[in-house]
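# Notes for the structure review
Chain residues, written in single-letter form:
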Amino acid sequence: MTLYKHELKLNRVGFLIWLLGVLSMSAGCIFLFPLIDDSMADMSDAFASMGGFSAAFGMDKLAITTLEGFFGTEIGTIFALGGGMYAALLGISALSKEESGHTAEFLHTLTIGRCGIVTGKLLAILTYLCLFDVVAFGVFAGSAALIGESLSMKCLVCYILAQFAAQTEIASVCLALSAYSKRSSLGLGLGIALVLYVLDIVARITEQADFLKYITPFSYSNATDVFVNQGSIEAIPLCIGLGVTVTSIFTAYFIYRTRDIAA
Amino acid sequence: MNAENTSAITIKSLTKTYGKNRGIEDVSFEVQRGEIFGFLGPNGAGKSTTIRCLLGLIRPTGGSAEILGCDIVKGHRDIMKRIGYMPSETQFYPSMKVSEVIRFAADVRGVDCREEAAKLCERLKVDTKKRIEELSLGNRKKVGIVCAMQHRPELFIFDEPTSGLDPLIQAEFFELVREYNAQGATCFLSSHVLSEIRKYCGKAAIIREGRLIACDTIDHLAHTGAKFIRAEGVRDLRLDGMSKVVQTDGGMEFVYSGSMNDLLKALSAHDVQDLSIEEPSLEDVFMQYYD
């Protein structure tokens, strides 16, 4: 519990920066919506008929002139990418930062134990992702209300839950890498998030690459799909994602329990 | 009393290799409870590797060790509750204040150490309001000492504790070690500073190139039978047992650990103008182990 509180405290500033950064961009787009929806009405058909580009951003399924359509195609992308990158950074630095910062000897010679260290850090990551998504939910619902529009609560809740699952999956994969690595590979973490996002776009553009939706968590947490399907999330990619999350967490424990710790 | 009760640290054939690289090989020795035990060796000899194996930071590739009767692998958490450790390069979380680090170390252990921590901070002149990132190496080491001592452990393990500390704080540190030792604590400290080992430790082990080469009381280690020889008028004398050979203007100086008869026979073939045979200094004796 002491380590958990310690981790929350150390990651506080980073959390606030990412929260403000991602949510100010997302809320800013919502506030822009009333100013641009008229001009977009003329372009809506064009946006929906741009083939692969339209498919990549879901503009072939949702009308960009409605707030839900605008949310699904634009804001959902900003939030998914921002949240995924934040989750990756939390995971990739969690364990390896102790060795790269030379604090590992201090931490490991207290009475926490290696499993306790992984647990404390994992709980701190889940807490911050949870807070990130809860605040995002409030900001999305509040911003929509402020401009006199509304988002389907069911769809929004499902979207936020799917985002939490995707962020947890990315953070878990990065945590397992962090358990193995002696260096804080922030670039690798960001790279993983971006590559997974690109895989989702590729899966949407071409049918031959449809199998990629089983690899990337951005497929089952895609805002367009959640809003088009009235809050329903595709089960198989979600279950695979949950499996990857659990496996990654066990891998992190397994690696970290036995690995030599650098000075 | 059986061995388990009297032994603070028992190391049996401890080995650690890093792929093809040497770490430590077949290291065995014992530290009794209540001792101040020195662990000597040049840089890269394997002192820190041995300590890091004992603390469970790295896994030994062979052998075993016990601390306070607990196996270092299976009893890691129990051991950590009962020891205080300070690494050679003490580092903490840069954004935290000194007081927060000290409290964190105590809270993790679930012990109220405020009184002891305040006493230690006062004696070591630790400014608890500063942030870690503002501290020099010496001041970080002082925080490390407080974190290692505040819970009054049964065994202290210090890896080169005095590097970076000014002489006054070094003296205060050893005074604290003596006080805790007088109350029953054991102290195991690694160093390459011979004078502090000689002054404060009753026993010492010497490690070189990953292997233990001696383990005894300081008195016994210092009396190896070696002599410091100064022979005027002698040139190019070669004999088994000679070390630290220096050719001077008038002759030769060296440390000799072989047969005295062989030395006298060899010298008789030279034009010896003056000869002195003395006990070598402790430094010279230890350098023999290092060479």
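Reading the values: rules and limits
Residues numbered from 1 in each chain as written. Chains lettered and ligands numbered in written order. Predicted model: local features only at pLDDT ≥ 70, side-chain atom pairs only at ≥ 80, totals over all residues. Heavy atoms only, no water. Domains from an automatic or database assignment. Buried < 20%, exposed > 50% of the residue type's maximum accessible area, 1.4 Å probe, protein only. Helix = DSSP H or I, 4+ residues; strand = E, 2+ residues; numbered from the N terminus. Pairing = 2+ DSSP bridges. Axes fitted to C-alpha atoms, helices over the stretch in contact; angles between N-to-C directions. Contact = heavy atoms within 4.5 Å. Buried area = accessible area lost by both parts, 1.4 Å probe. Salt bridge = Lys/Arg side-chain N within 4 Å of Asp/Glu carboxyl O. Polar contact = N/O pair within 3.5 Å; in protein donor to acceptor, adjacent residues only side chain to side chain. Parallel < 35°, antiparallel > 145°, perpendicular 65-115°, else oblique. Left-handed = near helix turned anticlockwise from the far one by under 90°.

### Structural notes on the domain arrangement of chain B
Under the domain assignment used here, chain B contains domain 1 (3-222) and domain 2 (227-290). When each unit is reduced to the centre of its C-alpha atoms, the spacing between domain 1 of chain B and domain 2 of chain B is 38 Å.

### Considerations on the pairing of strand 3 (residues 36-40) of chain B
All names here are of chain B. Burial of strand 3 is extensive: five of the five residues sit out of reach of the surface. On strand 3, burial covers both faces: Ile36, Gly38 and Leu40 on one face and Phe37 and Phe39 on the other are all buried. Pairing of strand 3 with strand 8 (residues 186-191), which is carried by five bridges, proceeds in the parallel orientation. The partner of Phe39 across the bridge, within strand 8, is Ser190. As judged from the four bridges shared by strand 3 and strand 9 (residues 203-208), these two strands associate in the parallel manner. Bridge pairing in strand 9 places Leu40 opposite Ile206.

### Thoughts on the sheet that holds strand 6 (residues 83-86) of chain B
All names here are of chain B. Taken together, six strands build an open sheet; the order of strands is 6-7-8-3-9-10 and the sheet is mixed. With partners counted over all chains shown, the strands left at the sheet margins are strand 6 and strand 10 (211-217), one partner each. Mean inter-strand twist for the sheet, computed between neighbouring axes without regard to direction, equals 15°. Sheet topology note: the strand 7 (residues 155-159)/strand 8 ladder contains five bridges and is parallel. Pairing of Phe158 across the sheet is with Leu189, part of strand 8.

### Thoughts on the interface of chain B and chain A
Taken residue by residue, the interface counts 27 residues in chain B and 26 residues in chain A. Across the chain B/chain A interface, buried area totals approximately 2400 Å², and carbon plus sulfur atoms make up 60% of it. Remark: the boundary between chain B and chain A carries three salt bridges. The partner of A:Glu105 in a salt bridge is B:Arg52, with the nearest N and O atoms 2.6 Å apart. Summed over the shared surface of chain B and chain A, the number is 13 residue pairs in polar contact (both at pLDDT 80 or more). Those elements giving two or more residues to the side of chain B that touches chain A turn out to be strand 1 (7-18), helix 3 (76-82) and helix 4 (98-109) of chain B. With seven residues, the top contributor of residues to the side of chain B that touches chain A is helix 4 of chain B.

### Considerations on the packing of helix 7 (residues 114-146) of chain A against helix 8 (residues 153-180) of chain A
All names here are of chain A. At a closest axis distance of 10 Å, the pairing of helix 7 and helix 8 adopts a crossing angle of 155°. Judged on the interaxial angle alone, helix 8 and helix 7 are roughly antiparallel. The hand of the helix 7/helix 8 crossing is right-handed. Across from Val118, Leu122, Ile125, Leu126, Leu129, Cys130, Phe132, Asp133, Ala136, Phe137, Phe140 and Ala141 in helix 7, the residues of helix 8 making contact are Met153, Leu156, Val157, Tyr159, Ile160, Gln163, Phe164, Gln167, Thr168, Ala171 and Leu175.

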